[in-house]
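# Structural features, examined
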Amino acid sequence: MLLQNISIINYKNIEEADLAFSQNINCFVGKNGQGKTNLLDAVYYMSFCKSATGGTTDSLNIRHDADFAMLQADFLDDNGTAGRVTCGMKRGQRKHLKINGKEYKRIAEHVGKIPLVMISPIDSLLITGGSEERRRFMNQVIAQYSPAYLAAAMHYDRMLKQRNAILRADEEPDWSIVEVLEDMMSKDAETIYAERKAFAETFVPIFQELYNALSADGKETVNISLKSHAERGPLKPLLKEGRQKERIVGYTLHGPHKDDLELFVNDFPIKREASQGQQKTYFLSMKLAQYLYLRDKGDKRQPILLLDDIFDKLDADRVAKIVDYVSGNNAFGQIFISDTNREHIDALLASSSKTDYKLFNVANGIITEQ
Ligand SMILES: Nc1ncnc2c1ncn2[C@@H]1O[C@H](COP(=O)(O)OP(=O)(O)OP(=O)(O)O)[C@@H](O)[C@H]1O
């Protein structure tokens, strides 16, 4: 997938930009707080129809003092077919998302059309955050190629909310309704578990290879394992068994909404064992593995790679390894990279086999090609 150009109006601190991109490497350099992440976020928005910085409310994405924002981008898929994505946002109104001029009925229909992986400092939450961060990671990856998974996960969440509301209510629940919800949740849980298990089986070896390639001495062993309710059997009996206890606590204790990925270094949980640099190498490896996994999955489309400020807190050795890996390896297609340090970008361009690139300067929301 190639992003040919983007037009931005009033997206975060970018008042107006019209940019044409290289099909290889696009670099954005500027001081802190100038709009580099916002620019990458606008690209991310074209794929996921939401900001990478969290939150689904578009009012945070519209430039202060403006009452609307507009993003438009032209893409070429791997077969050379062109497509145009347009998104209009207005304060207090629902967004309008169009592909080739035709508005989507449901935004979820767009997910997966433009495969994209963004790596940014916020991904450290994969390690330091709660299990919901790692579930979000799995959901985000799998939803890009499995509409069945996305549908099951969304449906499961709706049924879960209803079951929790019934359990929390003061009046005695109508157990026949609970039973129906549990039936549907169990069916969704089977789809979700099958997809998560298949994902983990293929993803973990890719991740391990990447971690070895990027870590300083290659002496650490790493592993990731899926922890799921499904290890205890089908969900339905678990839900039924849990009813009385869950009536007291007011929420559902078992199910895919409690799954997690357990992260290990040298057989110890990463949070306990690893230094900051190791943790960073760990989540960078997880995210680059996400890229390679998605690229080889399904219809084998090349995702767009966004690298936002990834070198911070890494020693020179690790920066060099990552630069070598990303730039010297033809595994990655079109890359967008931001950094405050021009030297990192120069090193990347110098060691890259790709001679076609574009360099942009970002200052106070204004993006200029160098
Ligand atoms: N809705 C908005 N309207 C106007 N400005 C905004 C909006 N949202 C964020 N900003 C501004 O965008 C700036 C941050 O931009 P961004 O995160 O892209 O910086 P950056 O260049 O990536 O910096 P760093 O190198 O520190 O990561 C902040 O100054 C913030 O006030």
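Treat the numbers as computed from the prediction; the structure is a model and nothing was measured. (Residues numbered from 1 in each chain as written. Predicted model: local features only at pLDDT ≥ 70, side-chain atom pairs only at ≥ 80, totals over all residues.)

Taken in spatial order, the 3 strands line up as β9-β10-β11 in an open sheet, and their pairing is antiparallel. What marks the edges here is a single partner per strand, and that holds for β9 (222–227) and β11 (268–269). As paired strands, strand β10 (residues 260–265) and β11 are joined by 2 bridges and run antiparallel to one another. Looking at the pairing, Phe264 lines up with Pro269 of β11. (Pairing = 2+ DSSP bridges. Helix = DSSP H or I, 4+ residues; strand = E, 2+ residues; numbered from the N terminus.)

Another point: the domain arrangement of the protein chain. For the protein chain, the assigned domains read domain 1 (1–115 + 301–370) and domain 2 (126–299). The gap between the C-alpha centroids of domain 1 and domain 2 is 28 Å. In this complex, domain 1 contributes 19 residues to the contact, which on the side of domain 2 involves 17 residues. A per-element tally of the side of domain 1 that touches domain 2 places helix α9 (residues 316–328) first, with 5 residues. (Domains from an automatic or database assignment. Contact = placed C-beta atoms within 7 Å.)

Of all residues adjacent to the ligand, which total 17 residues, the nearest are Asn13, Asn32, Lys36, Thr37 and Asn38. Among the residues forming the shell around the ligand, the class breakdown is 3 nonpolar, 10 polar and 4 charged. (Near = placed C-beta within 6 Å. Nonpolar A, V, L, I, M, F, W, Y, C, P; charged D, E, K, R; others polar.)

Further remarks concern helix α3 (residues 131–143). Between its terminal C-alpha atoms α3 stretches 18 Å, which fits the 18 Å expected from 13 residues at 1.5 Å a residue. Turning to α3, its buried residues are Arg134, Met138, Val141 and Ile142. Viewed along the axis of α3, the buried residues span an arc of 90°, placing them on a single side of the element. On its buried face, α3 sits against α2 (125–128), α4 (147–168), α5 (175–214), β10 and α8 (276–296). (Expected span 1.5 Å × (residues − 1). Buried ≥ 20, exposed ≤ 12 C-beta atoms within 10 Å, placed from the backbone. Arc of directions from axis to C-beta.)

Among the 5 residues of strand β3 (residues 25–29), 5 are classified as buried, and the element is accordingly described as predominantly covered. A two-sided burial pattern is seen for β3, the buried positions comprising Ile25, Cys27 and Val29 on one face and Asn26 and Phe28 on the other. Of the strand pairs in this sheet, β3 and strand β13 (residues 335–339) are connected by 5 bridges, and their pairing is parallel. In the strand pairing of β13, Val29 is matched with Asp339. Judged from the 5 bridges that link them, β3 and strand β14 (residues 357–363) form a sheet pairing that is parallel. What sits directly across from Phe28, in β14, is Phe360.

The next subject is the UniProt feature "binding site: ATP" (unreviewed entry) in the protein chain. Under the UniProt annotation, "binding site: ATP" (unreviewed entry) lies at Gly30, Lys31, Asn32, Gly33, Gln34, Gly35, Lys36 and Thr37. Secondary-structure assignment places Lys31 in the loop between β3 and α1 (36–48). Looking at the element boundaries, Asn32 is found in the loop between β3 and α1. Among the residues examined, Asn32 registers 8 C-beta atoms within 10 Å and is labelled exposed. (UniProt positions renumbered as here; feature names shortened; annotations may be inferred.)

What follows covers the confidence of the model for the protein chain. Here the protein chain shows a mean pLDDT of 92. Residues at 70 or above account for 99%. Across the whole predicted complex the pTM is 0.89, and at the interface the ipTM reaches 0.98. (pLDDT = per-residue confidence, 0-100.)

With that settled, consider the environment of Phe75. Within the secondary structure, Phe75 is located in strand β4 (residues 68–76). Sequence-wise, Phe75 and Val85 are 10 residues apart; in three dimensions their C-alpha atoms are separated by 7.9 Å. When sequence neighbours within four positions are dropped, the list of residues in contact with Phe75 reads Met1, Leu2, Leu3, Gln4, Gly83, Val85 and Ile114.

Read across the open sheet, the 6 strands follow the order β8-β12-β13-β3-β14-β15; overall the sheet is mixed. Each of the sheet's edge strands pairs with one partner strand only, and the pair in question is β8 (116–119) and β15 (366–369). Direction aside, the axes of adjacent strands within the sheet are offset by 15° on average. Where β8 meets strand β12 (residues 304–308), 4 bridges bridge the pair, whose relative direction is parallel. (Axes fitted to C-alpha atoms, helices over the stretch in contact; angles between N-to-C directions.)

As a packed pair, α4 and α5 sit with axes 9 Å apart at the nearest point and diverge in direction by 145°. Here α4 and α5 pass one another in a crossing that is left-handed. Where α4 abuts α5, its residues Ala148, Tyr149, Ala152, Ala153, His155, Tyr156, Met159, Leu160, Gln162, Arg163 and Ile166 lie against Ile177, Val178, Leu181, Met184, Met185, Asp188, Ala189, Thr191, Ile192 and Glu195. (Left-handed = near helix turned anticlockwise from the far one by under 90°.)

In this structure, strand β1 (residues 2–11) lies alongside β4, joined through 7 bridges in antiparallel fashion. Counted as the bridge partner of Ile6 is Ala73 from β4. Examined bridge by bridge, β1 and strand β2 (residues 14–20) share 6 bridges and lie antiparallel to one another. Bridged to Ser7 within β2 is Asp18. Taken together, β1 and the strand that follows it, β2, pair antiparallel across an intervening segment of 2 residues, in which Lys12 is found at a positive phi of about 50°.

Another point: the packing of α9 against helix α10 (residues 342–351). Running from N to C, α9 and α10 cross one another at 45°; their axes reach a closest spacing of 9 Å. The orientation of α9 with respect to α10, classified from their angle, is oblique. At the point where α9 passes α10, the crossing takes the right-handed sense. Across from Val319, Val323, Asp324, Ser327 and Gly328 in α9, the residues of α10 making contact are His344, Ala347, Leu348 and Ser351. Classifying every residue of the contact of α9 with α10 gives 4 nonpolar, 4 polar and 1 charged. (Parallel < 35°, antiparallel > 145°, perpendicular 65-115°, else oblique.)

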